[in-house]
Amino acid sequence: MYVPGEAPESSDFIKLNTNESPFEPPESVRKAVYGESENLNFYNDPDCTELRRRLSEFYGVKPENIITTNGSDEALYFAFTAFGDEKHPVAFPDISYSYYSLYSDVNRIPAHKIPLKEDFSLDYRDYCNLNETIVIANPNAPTGLAVSVEEIEQIVKSNPENVVLIDEAYIDFGAKSALPLIKKYKNLLITRTFSKSRSMAGARLGFGIADEELISELNRLKYSVNPYNINRMTLSAGIAALNDNKYFENNCRKIIAAREYASDELKILGFKATDSCTNFLFVHSDKISAKRLFEELRREKILVRYWDLPRISDWCRITVGTMEQMKILVEKIKLILERETLK
Ligand SMILES: *Cc1c(COP(=O)(O)O)cnc(C)c1O
């Protein structure tokens, strides 16, 4: 089962453990939610017509190329259910988003876990001519590393009979999107979310973009399971968010600046950090174990993420917050390292 990152009631914690945005949604989004609340006696539009129309304009595709979902997790779940089964494994990297394993298990789909290289980078050749459904987070979590669009194209092109799902949850923080390939390949599915760059994790809004036929296979599931998967307030919030794109672009720039600052500072303190294109850092130190760093930061009221799992138990994942939060993080880590060496 999935073990979610801690969500403490107390706000004295700086929460850098679940890759949320530190920025609240803009006023326009909050107003849209409030305005829509008066219509809660009516069912919501199961086709999400207006939101899909707006998304299609925004991304330069047709509304038929889009399915909107309750978080992108739901899009992932639909895809695992639609394209994998006991005889059809799903392939994904050994170190990646934990839901890929969970969705395989719950559907009894054999999971073909392909090891990343020693430095956590992905060799695209491992996925070429695989003849299995393929799921790759790009950039990957928790490593933060991205593969190029050219490499993704090789994977998509060499597996024409299978769906290749590229999970672009973190794409707005600097990596290049595979979106232009949608028009060329019928087997490519891209998933996106409003949870990270658009400050709406609690609204639960994601979407998938792909060829029309592929989207209708996902819709068959949606309409059999939960046609009203996106509530009215979230629908309005999503539309309002698309109208306020400058706000989010600006926030992404701030997060990227804070990420580069924190990464540089931690490297000065002797940390290794992967070359993250996301809103989190994946870091390792020879001076302190990752588990101890996680515990000591918690004592200092900063929450980060640590997994006691093979290959990554020496690493911590730290969400990038505001520049102020990153400055506090760096100060606290300095303090913790000093304490460690005094012992
Ligand atoms: C956060 C995340 C998601 C999805 O989050 P939702 O809130 O369900 O949209 C999907 N993939 C990865 C890799 C993520 O980190």
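Residues numbered from 1 in each chain as written. Predicted model: local features only at pLDDT ≥ 70, side-chain atom pairs only at ≥ 80, totals over all residues. Heavy atoms only, no water.

The next thing to look at is the pattern of salt bridges. Per the counting criterion, the structure on display carries 23 salt bridges. Linking glutamate 57 and arginine 54 is a salt bridge whose minimum nitrogen-to-oxygen distance equals 3.6 Å. Placement of both glutamate 57 and arginine 54 in helix H2 (residues 49-59) is noted, with a separation of 3 residues, approximately one turn of the helix. We note a salt bridge from glutamate 300 to lysine 332, for which the minimum N-O separation is 3.4 Å. One end of the pair, glutamate 300, is in the loop between helix H9 (290-299) and strand S11 (302-303); the other, lysine 332, is in helix H10 (residues 323-342), with 32 residues separating them in the sequence. Residue classification places lysine 332 among the partly exposed positions, given a relative accessible area of 26%. Residues joined by salt bridges that share partners form a network here, namely Arg292, Glu296, Arg299, Glu300, Lys332, Arg339 and Glu340. (Salt bridge = Lys/Arg side-chain N within 4 Å of Asp/Glu carboxyl O. Helix = DSSP H or I, 4+ residues; strand = E, 2+ residues; numbered from the N terminus. Buried < 20%, exposed > 50% of the residue type's maximum accessible area, 1.4 Å probe, protein only.)

In the structure shown here, the tally under the stated rule is 18 aromatic pairs. Among the aromatic residues, those joined into a ring-pair cluster are Tyr77, Phe80, Phe92, Tyr97, Tyr99, Tyr100 and Tyr103. Sitting over the face of the ring of phenylalanine 194, arginine 198 holds its NZ or CZ atom 4.9 Å from the ring centroid. Positioned above the aromatic ring of tyrosine 261 is the side chain of lysine 327, whose terminal nitrogen or guanidinium carbon lies 5.9 Å from the ring centre. (Phe/Tyr/Trp six-rings, centres within 6.5 Å; stacked < 30°, edge-to-face > 60°. Lys NZ or Arg CZ within 6 Å of the ring centre and 35° of its normal.)

In this structure, the amide linkage connecting asparagine 138 to the following residue, proline 139, adopts the cis form with an omega of -5°. You can see proline 139 is positioned in the loop between strand S5 (133-137) and helix H5 (149-157). Note the cis peptide between alanine 141 and proline 142, where omega equals 5°. With respect to the helices and strands, the residue proline 142 is situated in the loop between S5 and H5. Phi angles above zero are rare outside glycine, and lysine 301 is one such case at about 70°.

With 20 residues, H10 extends 29 Å between its outermost C-alpha atoms, agreeing within 8% with the 28 Å of an ideal straight helix rising 1.5 Å per residue. Burial in H10 covers these residues: Met326, Leu329, Val330, Ile333, Ile336, Leu337 and Glu340. Across the axial projection of H10, the buried residues extend over an arc of 130°, all falling on one side. Facing away from the buried side of H10 by more than 90 degrees, the exposed set consists of Glu324 and Leu342. Structurally, H10 contributes buried residues whose contacts are with helix H8 (245-268), H9, S11 and strand S13 (316-319). (Expected span 1.5 Å × (residues − 1). Arc of directions from axis to C-beta. Contact = heavy atoms within 4.5 Å.)

Here we take up the state of the cysteines. One pass over the full model with this rule turns up 0 disulfides. Left unpaired, cysteine 252 is separated from the closest cysteine sulfur, that of cysteine 277, by 13 Å. (Disulfide = S-S within 2.5 Å.)

It is worth spelling out the site of the ligand at this point. Neighbouring the ligand are the residues Gly71, Ser72, Asp73, Tyr97, Asp167, Ala169, Tyr170, Thr193, Ser195, Lys196 and Arg204. A distance of 2.5 Å is found between an oxygen atom of the ligand and a side-chain nitrogen or oxygen belonging to tyrosine 170. Per-element tally for the shell around the ligand: the top contributor is helix H3 (residues 71-83), with 3 residues. In terms of residue class, the shell around the ligand is made up of 3 nonpolar, 4 polar and 4 charged. (Near = heavy atom within 4 Å. Polar contact = N/O pair within 3.5 Å; in protein donor to acceptor, adjacent residues only side chain to side chain. Nonpolar A, V, L, I, M, F, W, Y, C, P; charged D, E, K, R; others polar.)

Moving on, we get to the side chain of asparagine 17. With respect to the helices and strands, asparagine 17 occurs in the loop between strand S1 (14-15) and helix H1 (27-36). On the basis of relative accessible area, asparagine 17 is assigned to the buried category, the value being 2%. A polar atom in the side chain of asparagine 17 sits 3.1 Å from the side chain of lysine 15. Leaving out residues up to four positions away in the same chain, asparagine 17 has contacts with Gly5, Glu6, Leu303, Val304, Arg305, Arg317 and Thr319.

This next bit is on the environment of glutamate 340. You can see glutamate 340 is positioned in helix H10. C-alpha separation for the pair glutamate 340 and arginine 292, spaced 48 residues apart in sequence, amounts to 9.9 Å. Excluding its chain neighbours within four sequence positions, the residues that come into contact with glutamate 340 are Ile288, Arg292 and Glu296. Within the local environment of glutamate 340, its side chain forms a polar contact with the side chain of arginine 292, the two groups lying 2.7 Å apart.

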